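Here's the letter readout for the chains.
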2 protein chains.
Amino acid sequence: MARDIVISIDAMGGDSGPAAIVGGMVISASKNDEIRYIVHGDEAELRPLIEKQQALDGIVEIRHCDDVISMTEKPSRAMRSGKDSSMWGTLQTVEKGDATVAVSCGNTGALMAISMLRLRRAPGVDRPAIAVLWPSRGKTGHTVVLDVGADIRAEARDLVQYAIMGTEYARLDLNLDQPRVGLLNVGTEEHKGRAALHEAATLLESLAAEPDSGMRFVGFAEGSDIGTGEVDVIVTDGFTGNVALKTAEGTATLIHSFLREAMGHSVFSRIGALFALTSLRRLQKRLDPRRRNGGVFLGLNGAVVKSHGGADATGVSAAIKLAFRLAQNGFTQKVAERVAKAAEPNE
Amino acid sequence: MARDIVISIDAMGGDSGPAAIVGGMVISASKNDEIRYIVHGDEAELRPLIEKQQALDGIVEIRHCDDVISMTEKPSRAMRSGKDSSMWGTLQTVEKGDATVAVSCGNTGALMAISMLRLRRAPGVDRPAIAVLWPSRGKTGHTVVLDVGADIRAEARDLVQYAIMGTEYARLDLNLDQPRVGLLNVGTEEHKGRAALHEAATLLESLAAEPDSGMRFVGFAEGSDIGTGEVDVIVTDGFTGNVALKTAEGTATLIHSFLREAMGHSVFSRIGALFALTSLRRLQKRLDPRRRNGGVFLGLNGAVVKSHGGADATGVSAAIKLAFRLAQNGFTQKVAERVAKAAEPNE
């Protein structure tokens, strides 16, 4: 059995510590015999955790790092003084070509900053983006949304590149042939003022009209369209995307707490809650961020999967699975080709 | 009994037609003996609806209008050719001083455009804003969010004015003495790039530090903070606010449909759903936009309450109740004074 795909893992980044990361590696190793791991972190802490797992026997290399970048560290500081950290090591291993994909549960801002420094932007890309999978009522169960916070600005050209990168990601992770792409906007006539959006729409229309574009451009979408399943890829700037993502998380938390309150209100509703418990658990599972794949950094020379900071073993194994698929499919190269092709002048 | 407060109502705007508007007036009239109404719309349709309601006897004046502005009409067109519409008449009645407050369930964009034209911006206000009440886990049960779509741009000065106007609105509608105000931002260091937000934060810090400011400035807030109840007024530009509002609505719809699916999954969960039905209804009531007060237009020479397009009699009466309170408290004047005071150079 050939273990051809090497994944570089930051074992120290998350809230749950190295045990959750190693737990995720164990789950993945027991399901997938094509992965090898290069793990970065405190060797004294990692070696005993890894050695007691038979599933990881002979498929893990530990690279010791003295430092950890905390969840509250500022990105600019992490870039200046994070050279001995597990995050830095994880990305350097991809930079050197020892691994194809990086996985970290750490500080998103620091991870993006160090990724830009070590992996650098892919040729022709000005602004890398972070893409997430958003639960939806559509067939695939998810919508790709990007950028959710890599950069707070985006020109028309960046939005077009986000559309190209998001489309390629949706083709891979949602198994779609021709993802439907929408540009996030407001529903009033006043949006005329945001010139970048209108310029991007014009560019995307002609791009999608090419026979091998691999995307369908559906025009503008509103915030309420994100979860409907009518659009597969929602493109926006990182400021708006970040606010939308956090607003959705906040709304889910709010409804959850209202529901608990409502359920505890009378004897009948408590009995109802008991009966409905499995249903509610099923719902929670569906909305559970741990089960969603981690965010993906797009537009770099190398793939980076950001798992949720609070991810447990299940969450980490979902991130590893995504990393594996990105590596297996030559995702980074495909995206680079698409971006380069779109930049060519039309004949 | 003195019916001193006159409310100008657009009877034709909503999705549910004049019957819902008249129904709302009946509910309000039976609870409140200080309101009189000037109603705008098709007299032939309105007169019979109103005359058969004893509660409205002698307290309604009908002003006939030939036209209705549709929910899909573009604001720019409504401004040019809406002069004979019920919406136009409703605002003109406030402009002339015959009524203090306007209520409409119609097209938001058109309503804002015609409001700007007829009522004009309050002195010193560049950009009026639309404020909504957002359900929250806090004591008051709501957070004021503005701007949710009056203007897609906002400079630092506009954001400060939104904070002042939103604070005054929270004082009135949430009965708060010193509302806590937050500026919507993203959680990473990169937000440094949005200069307007940082400039606004500095201005709000010094404004809130004045002894009679009536607000507490809590700094930056994220999308996930909107419903927590930790902040009473969330300030943002109309593009971001509109996306956030619609994303939250979309998320609520998504969770509702997931919940229904989960509930129908097995016999046990169906029994559970039966028992839990009253709880779920209570939850729905809490999230029901009809029971939330309508959006309020701030920064004009006159108060305008925008009720939900799909509002029924209950929703319309909630909007009328809010309009009454705005009129009763001299809300427009108070806001104008606060805005003027903030513009004075500090000694």
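Residues numbered from 1 in each chain as written. Chains lettered and ligands numbered in written order. Predicted model: local features only at pLDDT ≥ 70, side-chain atom pairs only at ≥ 80, totals over all residues. Heavy atoms only, no water.

An unreviewed UniProt entry annotates chain A as Phosphate acyltransferase of Pontivivens nitratireducens. Within the UniProt record for chain A, the comment given under Pathway (unreviewed entry) is "Lipid metabolism; phospholipid metabolism." (UniProt positions renumbered as here; feature names shortened; annotations may be inferred.)

Engineer: Can you break down the packing of helix H6 (residues 156-173) of chain A against helix H7 (residues 195-209) of chain A residue by residue, with the values?
Structural biologist: Any two packed helices are characterised by how steeply their axes cross, that is the angle between the axes, and by the distance between the axes. Residues and elements named next belong to chain A. One can describe the packing of H6 onto H7 by two numbers: an axis separation of 8 Å at closest approach and a directional angle of 45 degrees. Overall, the two elements H6 and H7 adopt an arrangement that is oblique. Crossing handedness for the pair H6 and H7: right-handed. Where H6 abuts H7, its residues Ala156, Leu159, Val160, Ala163 and Ile164 lie against Ala196, Leu197, Glu199, Ala200, Leu203, Leu204 and Leu207. (Axes fitted to C-alpha atoms, helices over the stretch in contact; angles between N-to-C directions. Helix = DSSP H or I, 4+ residues; strand = E, 2+ residues; numbered from the N terminus. Parallel < 35°, antiparallel > 145°, perpendicular 65-115°, else oblique. Left-handed = near helix turned anticlockwise from the far one by under 90°. Contact = heavy atoms within 4.5 Å.)

Engineer: I'd like a description of the pairing of strand E5 (residues 129-135) of chain B, backed by residues and values.
Structural biologist: On any regular strand, side chains alternate: one points to one face of the sheet, the next to the other face. All names here are of chain B. In terms of residue burial, E5 counts as a mostly covered element, since seven of its seven residues are buried. Residues of E5 alternate between two faces, with Ala129, Ala131, Leu133 and Pro135 on one and Ile130, Val132 and Trp134 on the opposite face, all of them buried. Bridge count for E5 against strand E10 (residues 295-298) is three bridges, and the pairing is antiparallel. In the strand pairing of E10, Ala129 is matched with Leu298. (Buried < 20%, exposed > 50% of the residue type's maximum accessible area, 1.4 Å probe, protein only. Pairing = 2+ DSSP bridges.)

Engineer: Outline helix H6 (residues 156-173) of chain B, listing residues and values.
Structural biologist: All names here are of chain B. Given a rise of 1.5 Å per residue, 18 residues ought to cover 26 Å, and the 25 Å separating the end C-alpha atoms of H6 matches this to within 8%. Counting buried positions over the 18 residues of H6 gives 16, a clear majority of the element. Asn175, located one to two residues past H6, shows a positive phi value of around 55 degrees. (Expected span 1.5 Å × (residues − 1).)

Engineer: Can you lay out the sheet that holds strand E1 (residues 5-10) of chain B for me, pointing to particular residues and giving the numbers?
Structural biologist: Residues and elements named next belong to chain B. An order of E3-E2-E1-E4-E11-E10-E5-E6-E9-E7-E8 is seen for the eleven strands of this open sheet, with the pairing classed as mixed. Of all the strands in the sheet, just strand E3 (60-64) and strand E8 (216-221) have a single pairing partner and so form its edges. On average, each strand axis in the sheet is inclined to that of its neighbour by 25 degrees, with strand direction left out of account. Strand direction decides the pairing type here: strand E7 (residues 180-184) and strand E9 (residues 233-235), joined by three bridges, are parallel. Counterpart to Val181 in the pairing with E9 is Val233. Along the sheet, helix H7 (residues 195-209) makes contact with E7 and E8, crossing E8 at roughly 160 degrees.

Engineer: Can you tell me about the packing of aromatic side chains, naming the residues and giving the values?
Structural biologist: The final tally for this structure, using the stated rule, is two aromatic pairs over all chains. Centroid distance A:Tyr169 to A:Phe331: 6.4 Å. Interplanar angle 70 degrees. Geometry classified as edge-to-face. With A:Tyr169 in helix H6 and A:Phe331 in helix H11 (residues 331-343), this residue pair connects regions lying 162 residues apart in the sequence. With respect to class, A:Tyr169 is no different from A:Phe331; both count as buried. We note A:Arg194 situated over the ring of B:Phe239; from NZ or CZ to the ring centre the distance is 3.8 Å. (Phe/Tyr/Trp six-rings, centres within 6.5 Å; stacked < 30°, edge-to-face > 60°. Lys NZ or Arg CZ within 6 Å of the ring centre and 35° of its normal.)

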